[in-house]
Amino acid sequence: MIYRNRAEWLAASRKRVLLFGMSGLGKTYLASMLRGSASAWFHYSIDYRIGTRYMGEYIADNFKREAMKNPFLAELLLSDSVYITSNITFDNLAPLSTYLGKPGSPAKGGLPFEEYETRQNQHRQAEQAALLDTPHFIRRAEEIYRIPNFVCDSGGSICEVVDPADPADPILTALSKNLLMVWIEGSEAHTEELVRRFDRAPKPMYYSPDFLDRKWVQYRVERGLREEEVDPDDFVRWTYRQALDHRQPRYAAMAANWGVKVTAADVALVRDEKDFISLIAETLPA
């Protein structure tokens with residue numbers, strides 16, 4: 001770890017952290033709070049980087065395909081009379097999730113599974129590249145903006161695109177050399193609340209290929225459905241809790257082998273930069 005003990009962390013003039021864990025437990029809250037603090041932190045969002053640098057063209061092309069189905073818009077596009085792009089922001093990542101989509105019946109808004117797998121693979125490659133861009137943005141933050149403190153707001157699927165048990169994992173090696181990796185660990189109550197929230201508004205997400213293939217087959221066998229009969233929302237609802245359970249030990253291994261952990265309950269009590277710095281100090285040896 002780049003901070004060997006509490007004293008080094010507290011004395012450091014350049015504090016650099018990467019936050020990871022399940023979506024909805026406070027990563028973006030903390031990153032946004034630190035970005036707006038008095039000393040200012042550079043906020044690097046992995047999902048934003050994915051949606052702009054690595055998948056922006058895929059997203060825009062998807063919008064254009066839909067527009068070309070409308071003769072009025074098609075004519076304007078072909079004559080370069082309109083310009084279509086996504087307006088992705090730190091707070092609104094809908095263009096990325098919309099492109100990622102859900103597998104199942106096209107009549108219900110789903111994607112054919114082969115196309116869904118293609119987009120999943122695009123996301124995997126994009127997330128890995130965005131994570132490896134982190135050291136570049138650390139340098140950029142200092143050299144261009146003169147901001148020494150840095151917080152990386154990672155996506156919930158970070159644990160799916162690395163191997164936490166491999167001491168030579170290239171992504172985790174690069175990250176741990178440059179930042180303190182901090183797991184925000186949720187309780188069972190947090191998990192249940194995330195499941196309830198997801199059930200109300202199921203959203204696209206990334207799954208590791210082996211997990212996705214296994215669950216896609218299991219779901220259809222249990223329900224006796226062909227691929228084109230699958231309700232996309234029902235599939236992702238059915239999969240969500242299992243995906244969280246699948247990720248939990250991977251997060252734990254990342255914290256044990258590459259960083260530290262804090263609880264979501266403690267994160268909820270953080271109100272400012274001072275609180276955050278103190279919380280992280282408590283995780284480090286004296």
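Residues numbered from 1 in each chain as written. Predicted model: local features only at pLDDT ≥ 70, side-chain atom pairs only at ≥ 80, totals over all residues. Heavy atoms only, no water.

### Focus: the overall build of the protein chain
The number of helices and strands found in the protein chain is 14 helices and five strands. For 286 residues, the compact-globule formula gives about 19 Å, and the C-alpha radius of gyration of the protein chain, at 20 Å, lands near that figure. Projected onto its principal axes, the C-alpha positions of the protein chain cover 60 × 50 × 35 Å. Each of the 286 residues in the protein chain was classed as buried or not, and the buried ones make up 47%. Look at the contacts in the protein chain between residues 6 or more apart in sequence, and 76% of them connect residues 24 or more apart. When the accessible surface of the protein chain is summed, it comes to about 14000 Å², and 51% of that surface belongs to carbon and sulfur atoms. (Helix = DSSP H or I, 4+ residues; strand = E, 2+ residues; numbered from the N terminus. Rg over C-alpha atoms; globule rule 2.2 N^0.38 Å. Buried < 20%, exposed > 50% of the residue type's maximum accessible area, 1.4 Å probe, protein only. Contact = heavy atoms within 4.5 Å. Areas by Shrake-Rupley, 256 points an atom, 1.4 Å probe, with all protein chains shown as cover.)

### Some remarks on the nonpolar core
Formed by 80 residues in total, the largest nonpolar core has its most connected members in Trp9, Val17, Phe20, Phe150 and Phe276. In contact with phenylalanine 20, other than residues within four places in its own chain, are Lys27, Ser154, Ile158, Met181, Val182, Trp183, Ile184, Tyr251, Met254 and Ala255. (Core = buried A, V, L, I, M, F, W, Y, C linked by side-chain atoms within 4.5 Å.)

### Here's the deal with the packing of helix 11 (residues 209-223) against helix 12 (residues 232-258)
Where helix 11 meets helix 12, the axes come as close as 11 Å, and the angle between the chain directions of the two elements is 135°. Comparing the axis directions of helix 11 and helix 12 gives the class oblique. The two elements helix 11 and helix 12 cross, and the hand of that crossing is right-handed. Residues Phe211, Leu212, Lys215, Trp216, Gln218, Tyr219, Glu222 and Arg223 of helix 11 form the contact with helix 12, whose participating residues are Asp234, Phe235, Trp238, Thr239, Gln242, Ala243 and His246. Broken down by class, the residue content of the contact of helix 11 with helix 12 amounts to seven nonpolar, four polar and four charged. (Axes fitted to C-alpha atoms, helices over the stretch in contact; angles between N-to-C directions. Parallel < 35°, antiparallel > 145°, perpendicular 65-115°, else oblique. Left-handed = near helix turned anticlockwise from the far one by under 90°. Nonpolar A, V, L, I, M, F, W, Y, C, P; charged D, E, K, R; others polar.)

### Notes on helix 11
Taking 1.5 Å per residue, 15 residues should reach 21 Å; helix 11 reaches 21 Å between its end C-alpha atoms and fits that length. Those residues of helix 11 that fall on the buried side of the exposure criterion are Phe211, Leu212, Lys215, Trp216, Tyr219 and Arg220. Looking down the long axis of helix 11, one finds its buried residues gathered within 145° of arc, a one-sided arrangement. Turned more than 90 degrees away from the buried face of helix 11, the exposed residues are Asp210 and Val221. Those residues of helix 11 that are buried lie in contact with helix 7 (113-132) and helix 12. Phi turns positive, to about 65°, at glycine 224, one or two residues after helix 11. (Expected span 1.5 Å × (residues − 1). Arc of directions from axis to C-beta.)

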